Amino acid sequence: MILSYKLFENTINKKPEIGELVICVGDVDNLSTHNHIGILRKNGVQFLNRFSDKLHDLDGEISNNNGWFIKNMEWVKSFNMNKVSNNNIHLLYSNRFRDVVFYGLNFLIDYEKIFFTDASYIDLTNRNDTVSCLMAKDYLRLENGEDPWTSSMRQNLRIGRFLKKIIDDDDDVIEDFINDYKFSYSLKKENFGRFKIAKGINMAKWFLALFYAEGGGTLHASCMRHVKSQRRLPIYVNNANKIKMVYLTDPEGKLLGRALLWKLDEPEGMTYMDRIYSADDYIEKLFMDYARKKGFLTRTEVDKKNMTLIVRLGKDFGPPNLNPFMDTFKYFVKNGAYLTNKFRNYKQGEFWEYVDHD
């Protein structure tokens with residue numbers, strides 16, 4: 001796949017040259033490439049860090065560890081590293097800070113060690129709107145052997161003020177980044193980003209919009225969010241040995257995201273994580289990270305490898321109007337009583353197609 005591009009109006013004073021660091025000035029195909037840094041190559045931009053599987057392998061056109069997009073000079077500008085002076089030092093992060101920005105502001109990871117600023121050694125504080133730092137002028141005053149991470153000269157900065165030292169964006173964009181930081185901080189620092197598993201009747205409530213956290217995304221657009229859709233759930237709640245749900249809630253117990261977990265009969269022994277319904281894009285990243293750690297199959301992998309999946313239920317749960325809309329297992333084969341993601345030229349009456357919804 002060669003990614004498509006939207007027109008982006010931006011005046012570039014200096015044309016970047018091959019081998020130079022460049023910074024993205026727009027989002028490619030709705031991927032958050034804006035502010036990410038890469039190296040300009042002959043046939044495209046090679047990003048410094050991996051941040052999207054969608055950019056990893058463009059159907060064999062270009063493949064590398066961190067991802068590419070095809071070169072379009074309107075989408076990049078030279079990266080100003082703000083090199084060292086009397087007032088600037090290398091930008092460095094603590095592991096705790098790096099863990100927080102990985103989800104909500106992962107482009108910041110690109111800047112570490114190559115950007116020079118007057119505030120470095122960035123760490124978390126006990127608040128979600130500030131960071132701890134050591135100013136360059138104080139760094140130069142450190143005594144031999146003094147640890148910059150524990151120095152008494154450290155001070156706190158508002159997260160917005162820190163971001164403005166690094167990126168050049170409008171105030172409304174900075175405000176969005178501030179909110180992203182607060183959200184990611186809560187997930188990691190306040191330790192509520194723990195996944196839970198529901199099965200049987202306990203799955204049913206998490207389909208209801210009544211229990212959703214505020215937001216939008218795919219969660220709030222789910223066709224199964226209605227009270228009347230609860231009648232469609234027996235196929236899920238009566239097959240607890242084959243179908244479970246992984247979900248994530250906020251500190252108030254409201255749903256941030258959910259995905260079905262299927263115990264597969266083919267490929268035997270595998271668990272498949274179905275489509276993720278989330279209130280925010282960053283929540284989806286958490287689910288994908290969780291799936292990788294658990295060794296679950298995901299939709300991306302199944303689609304890429306064109307895999308056939310089968311889940312045997314042992315009984316017929318009836319026509320589409322009695323069952324949920326299914327993202328993956330759309331076909332129930334009556335002779336064998338199993339769900340599958342592949343249509344195999346079944347004749348009318350031999351299968352149900354679960355694409356009905358309220």
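Residues numbered from 1 in each chain as written. Predicted model: local features only at pLDDT ≥ 70, side-chain atom pairs only at ≥ 80, totals over all residues. Heavy atoms only, no water.

### Looking at the nonpolar core
Okay, so step 1: Among the nonpolar cores identified, the biggest contains 36 residues, and Tyr 236, Trp 262, Phe 329 and Leu 339 are the most heavily contacted of them.
Okay, so step 2: Discounting chain neighbours no more than four positions away, the residues touching Tyr 236 are Met 203, Phe 207, Ile 243, Leu 260, Trp 262, Pro 324, Phe 325 and Met 326. (Core = buried A, V, L, I, M, F, W, Y, C linked by side-chain atoms within 4.5 Å. Buried < 20%, exposed > 50% of the residue type's maximum accessible area, 1.4 Å probe, protein only. Contact = heavy atoms within 4.5 Å.)

### Section: a negative patch on the surface
Okay, so step 1: On the surface, a cluster of negative charge is made up of Asp 168, Asp 170, Asp 172, Glu 175 and Asp 176.
Okay, so step 2: Considering the arrangement of structural elements, one finds Glu 175 in helix α5 (residues 171-189). (Patch = residues over 30% accessible without salt bridge, like charges linked within 9 Å, V, L, I, M, F, W, Y side chains within 5 Å. Areas by Shrake-Rupley, 256 points an atom, 1.4 Å probe, with all protein chains shown as cover. Salt bridge = Lys/Arg side-chain N within 4 Å of Asp/Glu carboxyl O. Lys, Arg positive; Asp, Glu negative; His and termini not counted. Charge placed at Lys NZ, Arg CZ, Asp CG, Glu CD. Helix = DSSP H or I, 4+ residues; strand = E, 2+ residues; numbered from the N terminus.)

### Comments concerning the pattern of salt bridges
Okay, so step 1: For the coordinates displayed, the defined rule picks out 15 salt bridges.
Okay, so step 2: The closest approach of N and O atoms between Arg 96 and Asp 123, which form a salt bridge, is 3.1 Å. With a gap of 27 residues between them, Arg 96 in helix α1 (residues 95-104) and Asp 123 in strand β8 (residues 119-124) connect regions that are remote in the sequence.
Okay, so step 3: Look at Arg 96 and you get partly exposed, because its relative accessible area is 42%.
Okay, so step 4: Between Arg 158 and Asp 129 there is a salt bridge, with the nearest N and O atoms lying 2.5 Å from each other. Here Asp 129 lies in the loop between β8 and β9 (130-135) and Arg 158 lies in strand β10 (residues 155-158), a separation of 29 residues in the sequence.

### Remarks on the sheet that holds strand β18 (residues 331-333)
Okay, so step 1: The strand order across the open sheet formed by four strands is β17-β19-β18-β20, and the pairing between neighbours is antiparallel. Two strands in the sheet have a free side with no partner beyond their single neighbour: β17 (310-312) and β20 (351-353). Sheet twist, expressed as the average angle between the axes of neighbouring strands with direction ignored, equals 20 degrees.
Okay, so step 2: In this structure, β18 lies alongside β20, joined through three bridges in antiparallel fashion. Paired with Tyr 331 across the two strands is Glu 353, which belongs to β20. (Pairing = 2+ DSSP bridges. Axes fitted to C-alpha atoms, helices over the stretch in contact; angles between N-to-C directions.)

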